[in-house]
Amino acid sequence: MKRRQFIKSTAVATAGAAVAPAFLKGKPIFSTVPNDRILNNENDNIMIILELFGGNDGLNTIVPVYNDTYYNLRPTLAYPEAETRRFQTSDVYMNKSIVDGIHNGGMMRLLEDGRLAIIEGVGYVNPNLSHFRSQDIWLSGINNSNNSVNLNEGWLGRYFANMLENYPQEIPEDPIAVNIDGSLSLTFKSDKGHMGIALTDPDKFYELGQGLTPVEPIMTGDSAFDNEFNFARVIAQQSELYSQKVKAAYDAGIEKIKVNYSEGLPQKFKMISALIAGGLQSKVYYVNLSNFDSHAQQMTEDFEGQHPTLLQQAAAAICEFMDDAVQQGWSERVVGMTTSEFGRRAYDNGSRGTDHGAASMQFVFGDHVKAGYYGEKPDLDDLDEDGDVRHQFDYRRTYTDFLETWLGAEPQDSAAVFGEQYMPIGVLEPRDVSVNDPVAGGRSGLKVYPSPSPTGEGTVSFELREASNVSISVHDLLGYKVLDIKNGSMNAGIYNMPFRINKSGSYIIRMTANKRSYSGKFVVIR
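The structure presented is a predicted model; accordingly, all values stated were derived computationally and were not measured. Along each chain, the written sequence defines residue order, and numbers are assigned to residues from 1. Note on the predicted model: pLDDT of at least 70 is required for a residue's local features to be given, and 80 or more for side-chain atom pairs to be given and counted; whole-chain, interface and lining totals, by contrast, use all residues. As a convention, hydrogens and water are excluded, and side-chain values are obtained from all of the structure's heavy atoms.

**Q** Please give an account of the overall build of the protein that cites residues and values.
**A** The helix count covers DSSP runs of H or I at least four residues long, the strand count covers runs of E at least two residues long, and both are numbered beginning at the N terminus. The secondary structure content of the protein amounts to 11 helices and 22 strands. We take the radius of gyration over the C-alpha atoms and set the globule estimate at 2.2 Å times the residue count to the 0.38 power. Taken over C-alpha atoms, the radius of gyration comes to 24 Å for the protein, in line with the 24 Å a tight globule of 526 residues would show. Relative accessibility under 20% of the residue-type maximum defines a buried residue, over 50% an exposed one, and the middle range a partly exposed one, all with a 1.4 Å probe and only protein chains included. A buried classification covers 58% of the 526 residues belonging to the protein. Between two residues, a contact is recorded if the distance between any of their heavy atoms is within 4.5 Å. For the protein, the share of sequence-separated contacts (at least 6 apart) that also reach a separation of at least 24 residues comes to 74%. Measuring between centres, the 48 positive side-chain charges of the protein sit 4 Å from its 66 negative side-chain charges. In this count, Lys and Arg are taken as positive residues and Asp and Glu as negative ones, while His and the chain termini are left out. Just so you know, the charge point we use is NZ for Lys, CZ for Arg, CG for Asp and CD for Glu.

Written out as structure tokens, the structure is:
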């Protein structure tokens, strides 16, 4: 086969390939490793990410109907209480579009069943109001608004690349991540290559991959041609392997679907359900729902229109998928979250729309979610200088929860992904809860005293039942680390570890021991 013809024939597969974007010199043959052996914990956990691109309006998703300022700021866009749905006797009012007419009671039923968390005020310091730069910030896990700095790696791409030490000579048996789209999200890109595949149709993906592996053997030389040929050959070989895996899983799983999925976005979740049910061992599935950028006609006078329609699509997809997972018997394996590059401005813009904002709310769903409402209600009387809602939680705190609680990352793994350590919000609980807790007393075994402290001096007290790898740090209420107390191995025994904080305020002491997390509060009043 001529070089030009070969490169042309294999180039079509690169969208689904995960090999490194560099020539493979000397080691052009790869081997596979089971997906559950790649990460620190051997399990079959799965995470779902639903990106609401364009900037979801958090104030009109979880509606502050109790706040008069909300109605003053949004004379043409505010929802009256009658157009919302209240959770029991709380101050949580949902947009009716995510409840009424949604499968199985919608997002309200998920919350009632203890399978939904609402995290308020998710964002980051010095928010960037450009869609694409802010999206890159969210997808990369790096808060850098300097457009001259390219953000070319995603947070999960870096994590998986770090776990795959021998990549690309050793690759996952199944694609480690699947993006239901025509191109791969930045989330899964790394300096080693693409840590996932992108597809919109399993049958077409299979057709694309068939016959790609050439009959010509690998070349043994080290010329530019040899290396490029071998690189393209590995792309073709891996793409064909993954196309077969996806096809087999989809064909086996589509017959197991238990729910009649709605049209639109839910059909993508149906595909995910089929792939999971058919045995594909991918760890992450990623879906995008666009058009949340509603500068005009966000909502009509009768409370219909663009934004409520998109919310309906998102809620239908999540609720139909989760009920399908329950009926099929694998719901305990799955947790998911919504993301959006920013929220909307607190006040409407006079065109029945809203402009780019900052912090917004986030849904986290699944059987192993610690359900409830996280954070304080948005303070609409204390907006930032641009008129935006201030953030309460850095978005990387949610990511850290998924990395450490669900994917088995150690704190140092998370720190390597983000460049610094963030405290998880604590919205997830692990599946493999062990009775052999390394800390005596379990989650109540960590003591922090005195609190409040008039001097800033405190002590962390605990008893280790067994030798453990321990990390202890102090974080502010936004989740940013302000002090390391301990990071290393510790023998069994009773410990009283002193520390000092110089600034007044409220803090959270975070401890991990053998992958289990503990926390305590510490207040400094000078």
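Continuing now.
**Q** Account for the packing of aromatic side chains, naming residues and giving values.
**A** Each Phe, Tyr or Trp ring, with Trp reduced to its six-membered ring, pairs with another whose centre is within 6.5 Å; inter-plane angles below 30 degrees give stacked pairs, above 60 give edge-to-face pairs, and intermediate values give tilted ones. Applying the stated criterion across every chain yields a total of 18 aromatic pairs. Ring geometry for Tyr124 against Tyr395: centres 5.8 Å apart, planes inclined by 70°, an arrangement best described as edge-to-face. Within this pair, whereas Tyr124 is found in the loop between strand E5 (116-123) and helix H4 (131-140), its partner Tyr395 is found in helix H10 (residues 395-406), the two being separated by 271 residues in sequence. Overall, the relative accessible area of 4% leaves Tyr124 in the buried class. Residue Tyr395 is classed as buried on the basis of its relative accessible area of 0%.

**Q** How would you explain unusual backbone geometry if you had to name every residue and give the values?
**A** Here the bond from Tyr449 into Pro450 is cis, since omega is -10°, no more than 30 degrees from zero. If you trace the backbone, Pro450 turns up in the loop between strand E16 (447-449) and strand E17 (457-464). In this structure, the amide linkage connecting Ser451 to the following residue, Pro452, adopts the cis form with an omega of 10°. Phi is positive for Asn126, which is not a glycine, with a value near 50°. Mapped onto the elements of the fold, Asn126 is located in the loop between E5 and H4. One non-glycine residue, Gln297, lies in positive phi territory at about 50°. Within the fold, Gln297 resides in the loop between strand E11 (284-289) and helix H9 (306-328). Taking the relative accessible area as the measure of exposure, Gln297 reaches 46% and is therefore partly exposed.

**Q** Run through the pattern of salt bridges, naming residues and quoting values.
**A** Within this document, salt bridges are pairs made up of a side-chain nitrogen of Lys or Arg and a carboxyl oxygen of Asp or Glu, the two lying within 4 Å of each other. Applying the stated criterion to the full structure yields 19 salt bridges. A salt bridge links Asp57 to Arg74; its shortest N-O distance comes to 2.7 Å. On the criterion of sequence distance, the pair formed by Asp57 in the loop between strand E2 (46-52) and helix H2 (68-73) and Arg74 in the loop between H2 and strand E3 (84-86) is long-range, its members being 17 residues apart. Among the residues examined, Asp57 registers a relative accessible area of 1% and is labelled buried. The residue Asp251 makes a salt bridge to Lys247 at a minimum N-O spacing of 3.3 Å. One end of the pair, Asp251, and the other, Lys247, are both in helix H7 (residues 224-253), 4 residues apart, so they sit about a helical turn from each other.

**Q** Could you give an account of H10, with specific residues and numbers?
**A** End to end, H10 covers 16 Å across 12 residues, agreeing with the expected 16 Å (1.5 Å per residue, within 8%). Burial within H10 is extensive, with 12 of its 12 residues counted as buried. Listing the buried residues of H10 in full gives Tyr395, Arg396, Arg397, Thr398, Tyr399, Thr400, Asp401, Phe402, Leu403, Glu404, Thr405 and Trp406. Directly after H10, the chain includes Gly408, whose backbone phi takes a positive value near 85°. Here the expected span of a helix is defined as 1.5 Å times the quantity of residues minus one.

**Q** Pulling in residues and values, what's your account of the pairing of strand E19 (residues 481-490)?
**A** Bridging between strand E18 (residues 468-476) and E19 involves 8 bridges; their strand directions are antiparallel. Within E19, the position partnered with Ser471 by the bridge is Asn487. Pairs of strands are assigned from DSSP output, requiring at least two bridges between the strands.

**Q** Lay out the nonpolar core with the relevant residues and their values.
**A** By size, the foremost hydrophobic cluster in this structure holds 109 residues, and its most contacted members are Met47, Met94, Met107, Trp155, Leu156 and Phe321. Sort the elements by how many residues they give to this core and H9 lands first, with 11 residues. Each residue touching Trp155, except ones within four places of it in the same chain, is listed here: Met47, Ile49, Trp138, Leu139, Ser140, Gly141, Thr187, Met337, Tyr399, Leu403, Val417 and Phe418. Val439, Phe462, Leu464 and Val474 belong to the second-largest nonpolar core, a separate cluster that totals 21 residues. In plain words, nonpolar cores are sets of buried Ala, Val, Leu, Ile, Met, Phe, Trp, Tyr and Cys residues tied together by side-chain atoms within 4.5 Å.

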